[in-house]
Every structure is written in structure tokens, then in C-alpha cells.
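What follows is each chain in one-letter form.
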Amino acid sequence: MTTGFQRCGEFALALLLLLLCAAFRRTLEADPVTHMLVQLPALAWAGWLFAGVASVRRPRLEAAPTNAGGGAGLLIVFFGIVFWMLPRSIDGALTSPEIEAAKFLTVPFLVGAPLRLSWYRAHPILRGFLLSNALSMLGVLAWLYMAAPIRVCNSYLVEDQQRLGLAFLLVALSLAAIWGGRLFFKPDGGSAGDLLPDLKANGSTSYDT
Amino acid sequence: MSMTSTAAPSPQTGAVKVAMLISGAVFVLMMLVGVLMRAAQGDLLDLDPALFYQLMTAHGAGMVGTAGLSGAAIMWYFLGRHVALTRWVFHIFLALFLLGVVLILGAIFLGGFGAGWTFLFPLPAISGGAWDLGAAAAFLLGLVSIGVAFLLFYLEAGRAMISAYGGLGNALGWPLAFGGSTENAPPPTIIAAATVTVFNTLGIVVGAAVLVVSLINLYLPEFAVDALLAKNMIFFFGHVFINASIYMAVIAVYEVVPEYTGRPWKSSRIFALAWASTLLFVMAVYPHHLLQDLVMPGWMLIMGQVISYLSGIPLLAVTAFSLIVYLKGSDIRWDLAAGLLVLGVAGWSVGSVPAIMDGMISVNKVMHNTQWVPGHFHIYLLLGEVAMAFGFMAWLVRGDVAQSRFTTLDRLGIWVYIAGAGGFTLMFLISGALSVPRRWAVHMEDWLTQDRIATGFAVLAVLGALIFVLRFVGGLGRSSKA
Ligand code: HEM
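This section reports on the structure supplied with the text.

Parameters at a glance
Residues numbered from 1 in each chain as written. Chains lettered and ligands numbered in written order. Predicted model: local features only at pLDDT ≥ 70, side-chain atom pairs only at ≥ 80, totals over all residues. Heavy atoms only, no water. Donors = N, O, S within 2.8 Å, 3.2 Å for Na, K, Ca; no water. Tetrahedral: all angles 85-135°; square planar, octahedral: opposite > 155°, others 65-115°. Helix = DSSP H or I, 4+ residues; strand = E, 2+ residues; numbered from the N terminus. Buried < 20%, exposed > 50% of the residue type's maximum accessible area, 1.4 Å probe, protein only. 1 Å grid on protein atoms, 1.4 Å probe; cavity = no way out; pocket = protein on both sides within 12 Å on 5 of 7 lines; lining within 4 Å. Points joined across faces, edges and corners; volume = space filled by probe spheres on them. Nonpolar A, V, L, I, M, F, W, Y, C, P; charged D, E, K, R; others polar. Domains from an automatic or database assignment. Contact = heavy atoms within 4.5 Å. Salt bridge = Lys/Arg side-chain N within 4 Å of Asp/Glu carboxyl O. Polar contact = N/O pair within 3.5 Å; in protein donor to acceptor, adjacent residues only side chain to side chain. Patch = residues over 30% accessible without salt bridge, like charges linked within 9 Å, V, L, I, M, F, W, Y side chains within 5 Å. Areas by Shrake-Rupley, 256 points an atom, 1.4 Å probe, with all protein chains shown as cover. Lys, Arg positive; Asp, Glu negative; His and termini not counted. Charge placed at Lys NZ, Arg CZ, Asp CG, Glu CD.

### Comments concerning the coordination of the iron atom of the ligand
Residue and element names in this part refer to chain B.
- For the iron atom of the ligand, every protein donor is listed as H59 (NE2) and H378 (NE2), and the spread of their distances is 2.0 Å.
- Taken together, the 6 donor atoms surrounding the iron atom of the ligand define angles of 87 to 180 degrees at the centre, an arrangement classified as octahedral. Here H378 lies in helix α14 (residues 372–396) and H59 lies in helix α2 (residues 49–82), a separation of 319 residues in the sequence. Neither H59 nor H378 differs from the other in exposure class; each is buried.

Pasting the structure below:
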């Protein structure tokens, strides 16, 4: 059970993340590696935390029948991620204040928040599939960025893009180690990002049935 | 659709029988394809080389896939005795598997794809006009579909084992292996299934990545693929996948043999240690497929050789040795199932000898790309994995152990199969030792004798296999394990 104190902490952390992302906008966005792999995930994390706090206050949010099995929410997340994966969108965020503002709104609230509201409702096999798929597709992205014969962003150099590719690979390897490691040693999972929380031997389930 | 898991463990007999029926039929069909290839090499048959390579691709992909399917069905069946599995996952697994088969068959026989099951870059993309990109893409997509099928299979197996044993570490038997704690030690089936689940999931994730990369490269060749990296990824995936099929099938030995000997197969500390070493080594050993790629880092090739000794051997030794101990002094009543399962362990053991020889750099320099290679892997597949699968099939429809009989037809089947498969694989080894290259559609005059003798043996092996499959089909109606 999250305590009120914890909730305040999470809310504060989410605000802080948003503020930091905005305050260090120029620095973070100067390099595609920090733009894609620090700022965007931090924004999504802020949204995740907001949704967590909100759903404690309004439990109905998390139990919305429209989001049975997490399907609807995960689709929103999917399209949100797809949009922000396009080099064109990233270029836009750098040159147009409107698109930049949209990024600060949509990444927390169309990626992070729906992910938090849907993840635990999704069937464990769907979750496992998405995580495994994320790993192999991060590997593919790494290759795409390193092998691309053209510059994909107007705002970043080819060398930057290749560094980003390498960074994707490192992220894939680290995530594989972290996620895999948890399965070995922490069967009951922590609070955030549990891999397969439905681990009670008596067959009781936390996901939607 | 009900999304809940079954409450109490119970094997999913019906679906597993379907999977084994498909496996048995495809095994026999692909063996016939093998006979055609061998006969063509022996100039007994006039086969257009383009068709030979299509058949070789179908045979390779079909056999590896079916070895995986039959191994998976065995693992699913016996895992179901110990943990509660979600049944619909196996149905999705079968459906995706069959979708993959359709795509692959279409790619080969409608599209003319013939680049071999290993789809090594850049052959699928550069066919010299033998097939178009669509065929290559269909083949790769077929493999993706089969990969996803297995991913879902292992995710569910992993979930159920983690749920029942509290973490993969426990299911792998690590407290037993490294701490000697026998408290709550998992049975052999769980240790084996958990090990395969871990390494094959990793293999599939790597395989999916290289498949998608190859697919993109087909249509956008400007996105260059590093050929050496692709080869490493493909062989990591391929090596791990085909090994997994044997490691899954051996579960049938652990579960069924005790019914005959009356002595349960126990998880000893040495057993758990052997599986723990397999987990590590099966993934580290794949560079022994790349010993001729001189641009590989030297340490990887040396690792490939050294680990070839370590990989599989501890497990094989522990399994074969325990089997002998369990069999010795027990007044076992042989029947088809028992005979084939024991044969499987024997074939697996024998096949590993020429395999390890080929894993030595100095030998590999000469033997790589000769028929020595199909020689060794046909031993532990044909006489190992496939024998275990046939043994499991015989057991599935056997009924009560007390009523089970070892009919003359059964005995005939086993001996014909052993003689056929043994002679056939021996001829591969002999040809290899004489430096006959593998994967050649047309053979030189001097090689034809071995090819022809091998074809004769191959026909015998198919006959034996046919007997096993027909016995299974005949037994389906009256089996007690409903
Ligand atoms: C009677 C049974 C069989 C016959 C007659 C047969 C025949 C053949 C022949 C002639 C080749 C090509 C050899 C060459 O490269 O020159 C081959 C390759 C191969 N076989 Fe078999 N085979 C049989 C059973 C099996 C089984 C049971 C498996 C696996 C479970 C298997 C897996 C393979 C694989 C993976 C290849 C390699 C294909 C490639 O080089 O791309 N075979 N087989």
C-alpha cells in the first residue's frame, strides 16, 4: 500500500522531472543521445508517476472498463511512442515551440500515464512479449541508426546518430540484464515495472481476466 | 476467452497429441525429402540443382522446426504435471507455428527460395535471379512467426515455473547446485525446462533482431549489414535453438523411464550442476560454427573450441550414466517407448563424439564444409532427438505399463531404424573423412558409391520411422491417456 507520504514524494518527483527536463532543455536536446534516452524517458516517467498518484486518489481510473486488459491504454502508448520515434518529430521539437510544447504534454500523458494505468492489467504473457520485443527491437534500432546511409535528423550530425545507435545497443543490453536478473532473484518484483507480478502459486491473478 | 490459468497442474494431452502427430508426419515427409537429396547426390535421380537447394532448405528448416516442435510438446506435456500452465498459449503456439510453416513452404515451393535454413546474409538478398525478394521475405517472416510462437511458449513456461518455485533461480535448481540444499529441490523436469526457457528465450530475442535486420536489408540494401555480426547472431540463435530441441526432448527420458524401472529420477546436486553448466556453455559455445571465419577475434574461437568439450558433456554424462544406473538391476519390461527413449540417449551420446572432434580448430580446418558435419548432427538428431520424440509418441498411446507389449513389428521397427539411421549417418562421416563437401547438389564420379549406399540406408530409416508413426496413429483411438 502506498502511504500518503510516498504519494507526495512521487508527485514531487514527477514535478521535479518535468521541471528539470524543461530547465535543461537546451543541454539535453543538444545531443540526440540525451534527447532520446534521457529527456524523453524522464518525461514518460513523470507521466507514469502522475498516473500512479492519480489512481490512488481515483481508483476508478485504474479499473476503467474501457481499458480492460490494458489494451486501449497500451495502444495509446504504442502510437505515442511511434510518433516520437520519427526523426521528423524530433526535428520539429527542436525548431518549433508548438511541437516542443506538444512533446512536453504528450510524452508524459500519452505515453507514461497510460502505460502506468495499463501495464498491470495486461496479461503477463503480453507483458513478457512486449518486453522481449522491446529488447530485440532496440537492437534493430541500434543497427538502423548505425547503418543508415543518410542523416535522418536535420538537427543532428551523422556521428551523433551513430553514437545514438550505440547507445540503443547499450540500453538493450542493460535492460536485458536488469529485467532478466529480476526474474532470477526477485520473484515477487518491486513496485515499479514488475515483470510478471502474477506470481502467486495459488493461481490468484492481479491482471484482468 | 477465459484468460485464467488452470488451477491444478494437469498435462494437456489432446493438444500435445496433435503436436506429436504433426511432428511425426513432418519427420517422415522431410526424411523422404532427404532420401531424394541423397539419391540425387548419388546420381540415382535427376534433380534440377535449383530444386535440390529448395529441398535442402525445406529439409533443414522443416527438420529443425519440427525437432523444436516435438521437443516443445514433450516439455509442455511433462511441465504440465508439475505446474499450472495456461492452456490457450499452446494453441496459439501451434497456430503461429503452422502459419510460419505455410509461409516457409510458400517461399520455397512457390517462390523458389533456396538459400538454406540458415538464411545467411547476403544470400537471401542476392539470389542471382533464382528467387525474388518476396520469396526471401516470406521465408524470413515464416521464421519470425515460428520465433514468436516459441517466445510465447517460453514466456508462459517461465511464468508458471517462477510462480510455482519463486524465481527462476530456484526453478533452475541453483540452491541445490551451489548450496547443496535439497529442501524444495525442483524435479528434473523443472530444472531442464527452466534451463531451456532461459537460454532459448535469449536465442529467440537475438534471432528476432537479426531476422528483422535481414528483412529491412532486403528492401533497403543501403542499410548495410555487417556480414560477420549477422553470422554471429544467426549461429547463436540457430545453435541454441537446435540444442534446445534435444534438451527439451530428454525430459521424456526423465519422466517416462522411471515408470519402467520403478525408480524415480532424482534431482541430485550433480544433476543440477550439470544443467547449470549447460545453461552457460550452450550460449558460449556457438563460435565453434565460425572457426573458419579468420576475422573472428582469436579468443572467441578458442573459447568455441574449449567450451565444446565442456558444453553438453557434463549433462550428457550425468544423463547417460544415471540412465545406466537406473536400468541396471531393474527388471525392466522393454517396449517400443522404452527402447526408443534409451536409443535417444545413446544416439545423443554417440553423436557428440564426432561433433566435439569437429569443434577442434585443427580438425575443423579440414572437416568444415564436408559431409562430416551433417554426419555428426544427423546422429544426435535422427538417433537422438527424433528417437526420443518417437519414444514419447509410443508412450503417449501405450496405455498401462502392465499391458504393454513389445510386438514383433515394434522390434522390427527399432532395428530397421537403428540399422538405417546408423548406416546412413556413418556414410556421411565416411564421406566427410574423404573430404566430400556438404551442400553440393551434384557429386563427382568418385563419391557416388557412398552416396548410393547411404541412400539405401536412408530408405531403411524412413521405413522404421513410418512404422513408429503408423503405430502412433493406430494407438490414438485406444489410448488411456486422454
Ligand atoms: C532419413 C532421414 C534423413 C535423411 C535421408 C537426410 C538427408 C539429408 C541430406 C542428404 C542432407 C544434405 C547433406 C549435404 O549437405 O550434402 C541433409 C541436411 C540436413 N538435414 Fe537431414 N536427413 C535426414 C534426417 C534429418 C533429421 C531427423 C534432421 C533434424 C531433426 C535433419 C536435419 C538436417 C539439417 C539441419 C540439414 C542441413 C541443411 C543445410 O545444409 O542447410 N535431417 N539431410
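### What to know about empty space enclosed by the protein
Residue and element names in this part refer to chain A.
- In the structure shown here, the tally under the stated rule is 4 cavities of 30 Å³ or more.
- Lining the largest cavity are 14 residues, with P32, Y145, C153, Y156 and L164 sitting closest to its centre.
- Elements supplying a minimum of two residues to the lining of the largest cavity: α3 (32–57), α6 (87–95) and α9 (158–185).
- Ranked by residue count, the leading element in the lining of the largest cavity is α3, at 3 residues.
- The class makeup of the residues in the lining of the largest cavity is 12 nonpolar, 2 polar and no charged.

### Concerning the layout of surface pockets
All names here are of chain A.
- By volume, the largest pocket amounts to about 2,100 Å³.
- V77, I81, L115, A134 and L138 are the residues nearest the centre of the largest pocket, which is lined by 48 residues in total.
- Elements that contribute at least two residues to the lining of the largest pocket include exactly α3, α5 (71–85), α7 (97–119), α8 (124–147) and α9.
- With 11 residues, the top contributor of residues to the lining of the largest pocket is α8.
- For the lining of the largest pocket, the class distribution of residues is 41 nonpolar, 5 polar and 2 charged.
- If you count residues domain by domain, the lining of the largest pocket takes at least three from each of domain 1 (7–122) and domain 2 (123–194).

### Quick notes on the interface of chain B and chain A
- If you look at the interface, chain B gives 32 residues, while chain A gives 26 residues.
- Across the chain B-chain A interface, the total number found is 0 salt bridges.
- Between the two partners, chain B and chain A, sit 3 residue pairs in polar contact (both at pLDDT 80 or more).
- Of all the secondary structure elements, the ones that give two or more residues to the side of chain B that touches chain A are α3 (87–110), α4 (133–165), α5 (168–171) and α7 (188–219) of chain B.

### Let's talk about a negative patch on the surface
- Residues D43(B), D46(B), D48(B), E445(B) and D446(B) make up a contiguous surface patch of negative charge.
- Mapped onto the elements, D446(B) comes out in the loop between α15 (408–433) and α16 (448–476).

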